[in-house]
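Take a look at the letters that make up each chain.
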Number of protein chains: 2
Amino acid sequence: MPEAWESDARTATARPCGAGGCDEKAEMSTPPLPAPTLRRMPAYLRLLRAWEAEGRDTVSCTHLAEALGLDPTLIRKDLQLAGGSGRPKTGYRLAELVPALEAFLGWSHPSEAFVIGAGNLGLALLHYQGFAAHGLSIVAAFDDDARKVGTSSLGKRIFPLAKLADLGQRMGVRLGILCVPEAAAQAVAETCCAAGMRGLWNFTGARLQLPEGTVVEDIDLAQSLALLSHRLSHRQAPHPAASPIGTAP
Amino acid sequence: MPEAWESDARTATARPCGAGGCDEKAEMSTPPLPAPTLRRMPAYLRLLRAWEAEGRDTVSCTHLAEALGLDPTLIRKDLQLAGGSGRPKTGYRLAELVPALEAFLGWSHPSEAFVIGAGNLGLALLHYQGFAAHGLSIVAAFDDDARKVGTSSLGKRIFPLAKLADLGQRMGVRLGILCVPEAAAQAVAETCCAAGMRGLWNFTGARLQLPEGTVVEDIDLAQSLALLSHRLSHRQAPHPAASPIGTAP
DNA sequence: GGTTAATCGGTAATTAATTCTCTATATAGG
DNA sequence: CCTATATAGAGAATTAATTACCGATTAACC
Ligand SMILES: NC(=O)c1ccc[n+]([C@@H]2O[C@H](COP(=O)([O-])OP(=O)(O)OC[C@H]3O[C@@H](n4cnc5c(N)ncnc54)[C@H](O)[C@@H]3O)[C@@H](O)[C@H]2O)c1
Ligand SMILES: NC(=O)c1ccc[n+]([C@@H]2O[C@H](COP(=O)([O-])OP(=O)(O)OC[C@H]3O[C@@H](n4cnc5c(N)ncnc54)[C@H](O)[C@@H]3O)[C@@H](O)[C@H]2O)c1
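For clarity, every value in this text was computed on a predicted model and none was experimentally measured.

The rules we used
- Residues numbered from 1 in each chain as written.
- Chains lettered and ligands numbered in written order.
- Predicted model: local features only at pLDDT ≥ 70, side-chain atom pairs only at ≥ 80, totals over all residues.
- Heavy atoms only, no water.
- Near = heavy atom within 4 Å.
- Polar contact = N/O pair within 3.5 Å; in protein donor to acceptor, adjacent residues only side chain to side chain.
- Helix = DSSP H or I, 4+ residues; strand = E, 2+ residues; numbered from the N terminus.
- Nonpolar A, V, L, I, M, F, W, Y, C, P; charged D, E, K, R; others polar.
- Areas by Shrake-Rupley, 256 points an atom, 1.4 Å probe, with all protein chains shown as cover.
- Phe/Tyr/Trp six-rings, centres within 6.5 Å; stacked < 30°, edge-to-face > 60°.
- Buried < 20%, exposed > 50% of the residue type's maximum accessible area, 1.4 Å probe, protein only.
- Lys NZ or Arg CZ within 6 Å of the ring centre and 35° of its normal.
- Domains from an automatic or database assignment.
- Expected span 1.5 Å × (residues − 1).
- Contact = heavy atoms within 4.5 Å.

1. Considering the protein's contact with DNA strand D
Reasoning step 1: Around DNA strand D, 24 residues are found, and the nearest of them are Arg40 and Pro88 of chain A together with Cys61, Arg76 and Gln80 of chain B.
Reasoning step 2: Sugar and phosphate atoms represent 67% of those atoms of DNA strand D found within 4 Å of the protein.
Reasoning step 3: Here aspartate 71 of chain A contributes a side-chain N or O atom positioned 3.1 Å from a phosphate oxygen of DNA strand D.
Reasoning step 4: In the environment of DNA strand D, a phosphate oxygen lies 3.2 Å from a nitrogen or oxygen atom belonging to the side chain of arginine 87 of chain A.
Reasoning step 5: Elements that contribute at least two residues to the surface near DNA strand D include exactly helix H1 (35-53) and helix H3 (72-81) of chain A together with helix H2 (61-68) and helix H3 (72-81) of chain B.
Reasoning step 6: Residues of the surface near DNA strand D, tallied by class, amount to 7 nonpolar, 8 polar and 9 charged.

2. A closer look at the site of ligand 2
Reasoning step 1: Residues in close proximity to ligand 2 total 22 residues, the closest being Tyr128 of chain A together with Asn120, Leu121, Asp143 and Val180 of chain B.
Reasoning step 2: What surrounds ligand 2 is not a single chain but chains A and B.
Reasoning step 3: Alanine 124 of chain A is positioned such that a nitrogen or oxygen atom in its backbone is 3.3 Å from an oxygen atom of ligand 2.
Reasoning step 4: Here leucine 121 of chain B contributes a backbone N or O atom positioned 2.8 Å from an oxygen atom of ligand 2.
Reasoning step 5: Look at ligand 2: alone it shows 820 Å² of surface, and the protein chains cover 82% of it.
Reasoning step 6: Of all elements in the fold, only helix H5 (120-127) of chain A together with helix H5 (120-127) and helix H7 (182-194) of chain B reach the threshold of two or more residues within the shell around ligand 2.
Reasoning step 7: In terms of residues, the shell around ligand 2 owes the most to one element, H7 of chain B, which gives 3 residues.
Reasoning step 8: For the shell around ligand 2, the residue count by class is 13 nonpolar, 4 polar and 5 charged.

3. Points about the packing of aromatic side chains
Reasoning step 1: For the structure on display, the rule yields 10 aromatic pairs over all chains.
Reasoning step 2: With 5.8 Å between their ring centres and 65° between their planes, phenylalanine 131 of chain B and tryptophan 201 of chain B make a pair best called edge-to-face. A residue pair is termed long-range when its members are at least 10 positions apart, and phenylalanine 131 of chain B in the loop between H5 and strand S6 (136-143) and tryptophan 201 of chain B in strand S9 (residues 199-202) qualify at 70 residues.
Reasoning step 3: The exposure class of tryptophan 201 of chain B is buried, given its relative accessible area of 0%.
Reasoning step 4: A network of ring pairs unites the aromatic residues Tyr128, Phe131, Trp201 and Phe203 of chain A as a single cluster.
Reasoning step 5: Lying over the aromatic face of tryptophan 51 of chain A, arginine 56 of chain A brings its terminal NZ or CZ to 4.8 Å of the ring centre.

4. Description of the domain arrangement of chain A
Reasoning step 1: One can read the domain layout of chain A as domain 1 (35-104) and domain 2 (109-228).
Reasoning step 2: On a C-alpha basis, the centres of domain 1 of chain A and domain 2 of chain A stand 31 Å from each other.

5. A word on helix H4 (residues 94-105) of chain A
Reasoning step 1: Over its 12 residues, H4 of chain A runs 16 Å from end to end, which matches the ideal 16 Å to within 8%, given 1.5 Å per residue.
Reasoning step 2: Listing the buried residues of H4 of chain A in full gives Leu94, Leu97, Val98, Ala100, Leu101, Glu102, Phe104 and Leu105 of chain A.
Reasoning step 3: Summarising the contacts, the buried residues of H4 of chain A are in contact with H1, strand S3 (58-59), H3 and strand S4 (92-93) of chain A together with helix H8 (221-234) of chain B.

6. Things to note about the protein's contact with DNA strand C
Reasoning step 1: The full set close to DNA strand C counts 25 residues, and Cys61 and Gln80 of chain A together with Arg40, Arg87 and Pro88 of chain B are the nearest of them.
Reasoning step 2: Backbone atoms, meaning sugar plus phosphate, form 71% of the atoms of DNA strand C positioned within 4 Å of the protein.
Reasoning step 3: Within the backbone of glycine 86 of chain A, a nitrogen or oxygen atom sits 3.1 Å from a phosphate oxygen of DNA strand C.
Reasoning step 4: Taking aspartate 71 of chain B, its side chain carries an N or O atom lying 3.3 Å from a phosphate oxygen of DNA strand C.
Reasoning step 5: Mapped onto the surface near DNA strand C, the elements with two or more residues apiece are helix H2 (61-68) and H3 of chain A together with helix H1 (35-53) and H3 of chain B.

Here it is, written out as structure tokens:
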């Protein structure tokens, strides 16, 4: 019964501060909440939404745990950190838990984002319909290749890179999705920051060095591939525990 | 100086067995080596290759640690697990460390893979030139939409899904890259297994249930997005430690 | 209404992962 | 040839994360 909960990403910021349960008590430096917890959230939310759509109105950690192949206690702790609250015997009310998780993740209303680099990957992301469910709305793409520019494909527009700063500031877009070649990544990232963006989703392999306060999340397929190919060639289990069940993320 | 080393993926298998240092001692159930270690490997390898290309012939953990913003002892342990061996004062010989890491990851000679689902994402992966450096060679794509089939774009062919089993077995392809809609994922995954594939790189959000021994690696953008958007909306640091430097993955 | 069964919420124990400390060694410089 | 030094390597200590445990609470059932 194998399963693990790991992830190909690096997040970086500067100012520790209010966490999930950052309530009134105004405690200095709330403990930065564990990344593994955050990574499990989408799986919970996904399942909860599906069950809510089916008409259920409460759910227990036990049910979630069974469906996801995780430990119930782990889920309970996660939901607590996310601000959820349940009642004995019945569990959590979906009608309050789902919005709580969405708010916790910042998915209550979609963030607008720009894609930078309208190549293979950039266009795939630009055209992907599934981000709406994850609080993301890609509003435009940018590229420095004149041949890519202007092409309005599937209703999304591709602008010249030079317009990034202007449009970014005018539209108040705070999230940039980097899909440029790796060599250009650092420079483009700096442009994004200068344009007022506070978060970068970095699909290039580059390690970015940016001003404090900028949140960077790297998607590194090489990391994932390392696990896959190592285990494929060594025929090895990841953990002596856990199991893949249910649906999720 | 923030940085973290986490990742959006789940790996699953069945038979624990020989790990990296699975040498002669034939110990029952070698400890399955830590996923975090595996995930750091590509970063090491990348940097080592670059330095080797620059003409360096030895490297120390200290150098790597500086370039990557990690702890030197951590790197030392990782390299040990990967089968590397160094010498005091000089460090590791690139000429032996690089091949050792490649062998460890199973990247010594490329694995052939099929992409299933020639949509936005599937085609982006199919056309990506960068996988060669990571021991991966995508040789063809499959789709059940007749309009996608046959199109030989950039020299890669797209076959009807029905040919998957036949071609997979004839070519001995052991790796499948799932880029179909989530609803189709489980069925397609089973087809892949039936076609003799032992590893699946799963880009759909689905949680797959497959026969023991199949290695599954999930790429779940929602997980990564959760970290990004939560931290963006709560302006929070991931750890009170670490820093992004160097180049990597 | 009392009883039972299921669940949350908090605390403690376990386990995994990272960081620290120390020793031995091989190399470079004198 | 000898010394000073940077480094690997092994193990201990720390830290983070997961899992186990225990009481309190609430709904359902008799
Ligand atoms: N395609 C994949 O499957 C895949 C997989 C893993 C990682 N990546 C990474 O994603 C990035 C993009 O990959 P891709 O396959 O889409 O490459 P691509 O070459 O298809 O696209 C890159 C795009 O960026 C544009 N560009 C180049 N320099 C630019 C600049 N300075 N400013 C703005 N735009 C610029 C190019 O015109 C091009 O349209 C790369 O870093 C790659 O390593 C891609
Ligand atoms: N595109 C992205 O940026 C992105 C991002 C995150 C996740 N994903 C996931 O990747 C998967 C593919 O996304 P996409 O944007 O490429 O979708 P898409 O609709 O563009 O492509 C899906 C392709 O799969 C084919 N297909 C459908 N059913 C099939 C079946 N049973 N057998 C074989 N082929 C079949 C379709 O014909 C289509 O060509 C989805 O699960 C999606 O959630 C995509």
